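# A look at the structure
Next come the chains, spelled out residue by residue.
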Amino acid sequence: RAYSIWSSLPEGAKVVALAPVTLDTPMNREAMPDADHSTWTPLDRVCEEIVAWAEGSAVGGAIYEPRTAAGATTFVNVAAAA
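Note that the coordinates shown come from a computational prediction; the quantities given were computed from them, not determined experimentally. (Residues numbered from 1 in each chain as written. Predicted model: local features only at pLDDT ≥ 70, side-chain atom pairs only at ≥ 80, totals over all residues. Heavy atoms only, no water.)

### Here we look at the packing of aromatic side chains
The final tally for this structure, using the stated rule, is two aromatic pairs. Relative to Tyr64, the ring of Trp53 lies with its centre 4.7 Å away and its plane at 20°, an arrangement referred to as stacked. Of this pair, Trp53 sits in helix H2 (residues 43–57) while Tyr64 sits in strand S4 (residues 63–69), and the two are eleven residues apart along the sequence. Overall, the relative accessible area of 7% leaves Tyr64 in the buried class. (Phe/Tyr/Trp six-rings, centres within 6.5 Å; stacked < 30°, edge-to-face > 60°. Helix = DSSP H or I, 4+ residues; strand = E, 2+ residues; numbered from the N terminus. Buried < 20%, exposed > 50% of the residue type's maximum accessible area, 1.4 Å probe, protein only.)

In structure tokens:
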């Protein structure tokens, strides 16, 4: 019988993932000074979204991909598109 992680979680728990993207950090800016930083996701925006997920806005089983353009970041559930 296959083990299911869902069977061991408390009722109402949600599991979400953050898809890998380039985050806007001092170390990344130092390592890639000539890159287009306008598409990098700011850490404070990721933190805000994680807090919102913890407060209940997350969809269980979602894989969220941060998409940053023109100073605005959205989080797209790429698992829903699959």
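After that view, the rundown keeps rolling.
### Some words on the pairing of S4
The alternating pattern of S4 places Tyr64, Pro66 and Thr68 on a buried face, while none of Ile63, Glu65, Arg67 and Ala69, on the opposite face, is buried. The pairing of strand S1 (residues 17–18) with S4 spans two bridges and is classified as parallel. Across the sheet, the residue bridging to Ala17 is Ile63, located in S4. In terms of strand pairing, S4 meets strand S5 (residues 72–77) through six bridges, oriented antiparallel. (Pairing = 2+ DSSP bridges.)

### So, H2
Within the span of H2, buried status applies to Val46, Glu49 and Trp53. Angularly, the buried residues of H2 cover 60° about the axis, an arc narrow enough to put them on a single face. Set apart from the buried face of H2 by more than 90 degrees, the exposed residues are Asp44, Ala54 and Glu55. On the buried face of H2, the contacting elements are S1, strand S2 (23–24), strand S3 (41–42), S4 and S5. (Arc of directions from axis to C-beta. Contact = heavy atoms within 4.5 Å.)

### Thoughts on the environment of Ile50
Within the secondary structure, Ile50 sits in helix H2. Separated by 34 residues in the primary sequence, Ile50 and Val16 place their C-alpha atoms 9.8 Å from one another.

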